[in-house]
2 protein chains.
Amino acid sequence: MRQRRSVRYELYYWPAIQGRGEFVRLALEDAGADYVDVARLPEASGGGEAALLRLLDAPPSGHPPFAPPFLKAGRRLIAQTANILLFLGPRLGLVPRDETARLWTHQLQLTIADLVDEVHDTHHPISPRLYYEDQREEAKRRSTHLRRHRLPKYLGYFERVLKDNARGRHRCLVGSATTYADLSLFQVIEGLRYAFPRAMRRLEDALPLSVDLHDRIAARPGIAAYLASTRRIPFNDSGIFRRYPELDA
Amino acid sequence: MRQRRSVRYELYYWPAIQGRGEFVRLALEDAGADYVDVARLPEASGGGEAALLRLLDAPPSGHPPFAPPFLKAGRRLIAQTANILLFLGPRLGLVPRDETARLWTHQLQLTIADLVDEVHDTHHPISPRLYYEDQREEAKRRSTHLRRHRLPKYLGYFERVLKDNARGRHRCLVGSATTYADLSLFQVIEGLRYAFPRAMRRLEDALPLSVDLHDRIAARPGIAAYLASTRRIPFNDSGIFRRYPELDA
């Protein structure tokens, strides 16, 4: 009798934040994949940030990541959040089979990544190396523009994509089944509600399909179990989505 | 006798700047692909920004781009620079066949995209909707950090990738032949030399393999012909790479 051996994925990401790694965690959790969140293991078991930094400095495959997250799958080492999802999507059943739909899903993911970059830069508009406190004035200016102009534009875009997809009847971004882009849009809405609760209350009235998608993703068995577990790191002021009330004023 | 009909690609990008569209133009030009740079045609021939905006507002396929560049290939409409290159790479012979190498090339491209975003934000650290003059002080601060920390980190990374690839003997980023990521790294070096000439003079001593790659890409027949043509838009102060001496001080 032959046995099909599945790969145990190893995710490497900062252990104390959701950050960009969370988009990968959500896909792995939704699919019930066999994976280890390496840097969250104790150092004594080969985990911790030390494990992450070791692979960052001297990757065995000759494909060094520029930054976390990265995923080890057998001998492969893959970095860049959207690229990891491009790789995992078909393997986890989180993207349709045909090339056109895969490129479209990836395109949406890259647009989500752009939004996430802009959210990050609201609290770090000058440099990721400086403390927030040392760029607070610039952060206020940048956040105002994000809330007034960029969030309505990005979120309005995804709402329109949901509406265009079978006139909203499929209740997901691509085709008729959930993709990793849906999981990522859920995470963006969660994060924005945490970081900019006042702005989001004003914006959500115009986003009924996005809010509906968010709620149904939260109720998926794999996601619901994950969100209720200790594996889900709470939002905090070290991640991408941070609650600084002065940036949501 | 059967004739193989090749697709004529239609590129849609802002007609007066290199910008992000240039990474796609370089791939199409290097491969000698049959393409039209639609927005650079006269409006009377269906070109101009009007053509771009028309497709941005009402894309026929139901796959609306969030922003230019986007590529029309038959009935497909594909956006996000790195995603367009993911699609074009195999069709233009600018990426190896196997999946691992394709993901690695794409990963490098996404890292280049991150660098390009950071360069853009040196002159627009607060908002893309404000003039440079209205965010000049923040721009100075952000540029200092880019020149001191981010450029050495990014450029050092690509230099290391070149060195790791067969100990530098292949003189390209991936495998043994030119990929679209090599063309993009060429463009980044061109752009950085334009925008930050003083900083680049200091940095390039530590980047011999990158400079060698740059020079050999510039000499490729398709690229050399393109750079010498009027199709290559000169760098200017509307694009991503801008020469504001105060940001290179």
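The following paragraphs examine the structure supplied in this document.

This paragraph deals with the relation of the copies chain B and chain A. Structural alignment of chain B on chain A gives an RMSD of 0.0 Å, achieved by rotating through 180 degrees and translating 0.0 Å along the axis. On this basis, the relationship between the two copies can be described by a two-fold rotation axis. Residues of chain B ranked by C-alpha distance from the rotation axis are headed by B:P125, positioned 3.0 Å from it. With an isologous cut-off of 70% or more, the 100% of interface residues of chain B that recur at the interface of chain A puts this contact in the isologous class.

So, about the packing of helix α3 (residues 81-92) of chain A against helix α4 (residues 99-123) of chain B. Taken N-terminus to C-terminus, the directions of α3(A) and α4(B) make an angle of 155 degrees; their axes are 9 Å apart at the nearest point. Taken together, the axis directions place α3(A) and α4(B) in an arrangement best described as roughly antiparallel. For the element pair α3(A) and α4(B), the recorded crossing hand is right-handed. Across the interface between the two elements, A:A82, A:N83 and A:F87 from α3(A) touch B:L103, B:H106, B:Q107 and B:L110 from α4(B). In terms of residue class, the contact of α3(A) with α4(B) is built from four nonpolar, three polar and no charged.

So, on to the sheet that holds strand β3 (residues 70-73) of chain B. Residues and elements named next belong to chain B. The strand order β2-β1-β3-β4 describes an open sheet built from four strands, whose pairing is mixed. Edge strands, defined here as strands with exactly one partner in the open sheet, are β2 (35-37) and β4 (76-79). The sheet shows a mean angle of 20 degrees between the axes of neighbouring strands, direction not considered. Packed on one face of the sheet, helix α1 (residues 21-30) meets β1 (9-12), β2 and β3 and runs near 155 degrees to β1.

Quick look at the interface of chain B and chain A now. At the interface, 33 residues of chain B touch 33 residues of chain A. Looking at the side of chain B that touches chain A, its residues break down into 13 nonpolar, eleven polar and nine charged.

Before going further, it helps to spend a moment on the pairing of β4(B). Residue and element names in this part refer to chain B. Direction of pairing for β3 relative to β4: antiparallel, over a ladder of four bridges. Residue pairing in the sheet places F70 in a bridge with A79 of β4. Joining the antiparallel neighbours β3 and β4 is a turn of two residues, in which G74 adopts a positive phi near 60 degrees.

Rules used throughout
Residues numbered from 1 in each chain as written. Chains lettered and ligands numbered in written order. Predicted model: local features only at pLDDT ≥ 70, side-chain atom pairs only at ≥ 80, totals over all residues. Least-squares fit on C-alpha atoms with pLDDT ≥ 70 in both. Contact = placed C-beta atoms within 7 Å. Axes fitted to C-alpha atoms, helices over the stretch in contact; angles between N-to-C directions. Helix = DSSP H or I, 4+ residues; strand = E, 2+ residues; numbered from the N terminus. Parallel < 35°, antiparallel > 145°, perpendicular 65-115°, else oblique. Left-handed = near helix turned anticlockwise from the far one by under 90°. Nonpolar A, V, L, I, M, F, W, Y, C, P; charged D, E, K, R; others polar. Pairing = 2+ DSSP bridges.

Worth remembering: the numbers are spatial, not functional.
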